[in-house]
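Descriptive structure summary
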Amino acid sequence: MRSRWPMDSAAFLLAVVLVSAPVARSWSTEGHMLTCQIAQDLLEPAAADAVKNLLPEEAGGDLSALCVWPDQVRHWYKYKWSSPLHFIDTPDQACSFVYSRDCHDPSGAKDMCVAGAIANFTSQLMHYKHGSADRKYNLTEALLFLSHFMGDVHQPMHVGFTSDQGGNSVNLRWFKHKSNLHHVWDREIILTALAEHYGKDMDAFRKDLEHNISKGAWSDDISSWGDCQDLLSCPTKYATESISLACKWGYSSVHDGDTLSDDYFASRLPIVARRIAQGGVRLAMILNRVFGESNRDVLAWPNLAAATDEL
Ligand SMILES: *[C@@H]1O[C@H](CO)[C@@H](O)[C@H](O)[C@H]1NC(C)=O
Ligand SMILES: *[C@@H]1O[C@H](CO)[C@@H](O)[C@H](O)[C@H]1NC(C)=O
Ligand SMILES: *[C@@H]1O[C@H](CO)[C@@H](O)[C@H](O)[C@H]1NC(C)=O
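Below is a short write-up of the structure. Computed from a predicted structure; not experimentally measured.

Our next topic: the site of ligand 2. Lining the immediate environment of ligand 2, one finds Trp69, Tyr79, Asn138 and Glu141. One of the side-chain N or O atoms of Asn138 is found 2.3 Å from an oxygen atom in ligand 2. Out of a free accessible area of 360 Å², ligand 2 has 35% covered by protein chains. Here the residues of the shell around ligand 2 sort into two nonpolar, one polar and one charged.

Below, the structure written as structure tokens:
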């Protein structure tokens, strides 16, 4: 079990993060924290140790405390290169993701998208086991980027249409206040769920998600969540799922100027909940494989069933 932050420092950190918002185009603080908490709870001992070793002191051993770090630094000069790595722009109305066609930044630089970034930071972390002598990369940053981007790639609207910037320019109302379609999926649905169903208690939301992973609605699906072949086909699969969900549930029947409320919330919350859970479960699978003691077949994901039973 992960050691928990004392409530005060968690609240303080959340406040710091909220003040440094608003950042467009990112699964909310809450979405990222939930994904990272679920992942950390599913780590096997070797991966749990590696994560603790890599986390900076101030995280207190809690990965979720720093899962939003990439959003905080993306506009700093030093990390400007990371800004296009949070999302993928796909051709309008195509409703598909093709790595060779879509994974590039606006200038056309190849691999500069969230799917390429996941492959990049996963392969950097594979050097962890070789010791610290001639490390080319900062593996603390690699861990934080990977954990963050595994959240982003599961947010359906992070793999959206090019001309509306993943729904950012579709302006609408969420119940009574102004918002946009991208933000509805980043944050509004999650915040409304927290307020309506969980008394604004993130732990209660996380426990509900973890219950459905281990014993409830999704426990039969979990093994198929791990189905993919290699470093590039895995994130390609996650991104492909996202753009189909974006088309089917995000964009469908939504127009500029609409007001979205109860019906949209009730029908989309299950999608959002499942994507947060998938992001967490798959992040754990990657970290368990990358840091695992045994030399597992690189093509086979570890069997998750045992880990999820222990939640
Ligand atoms: C991979 O990570 C390095 C920093 O460690 C960065 O310079 C490079 O742009 C990244 N590439 C992708 C595709 O994420
Ligand atoms: C790695 O990155 C972290 C976070 O940016 C930083 O605090 C740390 O000093 C870096 N480590 C090295 C060896 O540069
Ligand atoms: C968990 O599953 C139950 C039963 O299907 C469902 O009512 C509930 O909304 C799910 N919770 C989450 C957070 O997905």
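Next comes the rest of the description.
Neighbouring ligand 1 are Trp81, Leu85, Asp111, Met112, Ala117, Asn120, Phe121, Gln124 and Tyr137. At 2.9 Å from an oxygen atom of ligand 1 is found a side-chain nitrogen or oxygen belonging to Gln124. Its free accessible area being 360 Å², ligand 1 has 72% of it covered by the protein chains. Across the shell around ligand 1, the residue classes tally to six nonpolar, two polar and one charged.

The three strands lie next to each other as 4-3-5, forming an open sheet whose pairing is mixed. In this open sheet, the two edge strands, each paired with only one partner strand, are strand 4 (177–180) and strand 5 (259–260). Lying over the sheet, helix 8 (residues 181–197) contacts strand 3 (171–174), strand 4 and strand 5, oriented at roughly 125 degrees with respect to strand 4.

Here we take up the pairing of strand 4. Across four bridges, the pairing between strand 3 and strand 4 is antiparallel. From the neighbouring strand, Leu172 faces strand 4, where its bridge partner is Ser179. What sits between the antiparallel neighbours strand 3 and strand 4 is a turn of two residues, in which Phe175 has the positive phi angle 50 degrees.

Even without glycine at this site, Cys95 takes up a positive phi of about 55 degrees. Topologically, Cys95 is positioned in the loop between strand 1 (88–90) and helix 5 (99–102). Since its relative accessible area comes to 32%, Cys95 is described here as partly exposed. Not every positive phi belongs to a glycine, and Gln165 is a case in point at roughly 50 degrees.

Once that is clear, we can look at the environment of Ala266. Tracing the sequence through the fold places Ala266 in helix 12 (residues 262–291). When the C-alpha positions of Ala266 and Ile189 are compared, they lie 9.1 Å apart, and in sequence the two are 77 residues distant.

For the rest of this paragraph, the subject is helix 7 (residues 139–154). Between its first and last C-alpha, helix 7 extends 23 Å over 16 residues, near the 22 Å set by a 1.5 Å rise per residue. The N-terminus of helix 7 is capped by Asn138, whose side-chain oxygen sits 3.0 Å from the backbone nitrogen of Thr140.

So, on to the nonpolar core. In terms of nonpolar packing, the biggest core is built from 89 residues, with Leu125, Leu181 and Phe291 touching the most fellow members. Tallying contributions element by element places helix 12 first for this core, with 16 residues. If sequence neighbours within four positions are ignored, Phe291 has contacts with Ala46, Ala47, Ala50, Val51, Leu54, Leu125, Tyr128 and Lys129.

With that settled, consider the packing of aromatic side chains. Aromatic rings considered in pairs are described by the distance between their centres and by the relative angle of their planes. Tallied over the full model, the rule gives 18 aromatic pairs. Aromatic side chains Tyr79 and Trp81 sit 6.4 Å apart centroid to centroid with 45 degrees between the ring planes, which places their arrangement in the tilted category. When the ring of Tyr128 is compared with that of Phe291, the centres are 5.1 Å apart and the planes differ by 75 degrees; the resulting orientation is edge-to-face. Highlighted residues: Tyr128 in the loop between helix 6 (114–125) and helix 7 and Phe291 in helix 12, separated in sequence by 163 residues. What makes Tyr128 buried here is its relative accessible area of 18%. What links up through ring pairs into an aromatic cluster is the set Trp69, Trp76, Tyr79, Trp81, Phe121, Phe145 and Phe149.

Here is what the cut-offs are and how they apply
Residues numbered from 1 in each chain as written. Chains lettered and ligands numbered in written order. Predicted model: local features only at pLDDT ≥ 70, side-chain atom pairs only at ≥ 80, totals over all residues. Heavy atoms only, no water. Near = heavy atom within 4 Å. Polar contact = N/O pair within 3.5 Å; in protein donor to acceptor, adjacent residues only side chain to side chain. Areas by Shrake-Rupley, 256 points an atom, 1.4 Å probe, with all protein chains shown as cover. Nonpolar A, V, L, I, M, F, W, Y, C, P; charged D, E, K, R; others polar. Pairing = 2+ DSSP bridges. Helix = DSSP H or I, 4+ residues; strand = E, 2+ residues; numbered from the N terminus. Contact = heavy atoms within 4.5 Å. Axes fitted to C-alpha atoms, helices over the stretch in contact; angles between N-to-C directions. Buried < 20%, exposed > 50% of the residue type's maximum accessible area, 1.4 Å probe, protein only. Expected span 1.5 Å × (residues − 1). Core = buried A, V, L, I, M, F, W, Y, C linked by side-chain atoms within 4.5 Å. Phe/Tyr/Trp six-rings, centres within 6.5 Å; stacked < 30°, edge-to-face > 60°.

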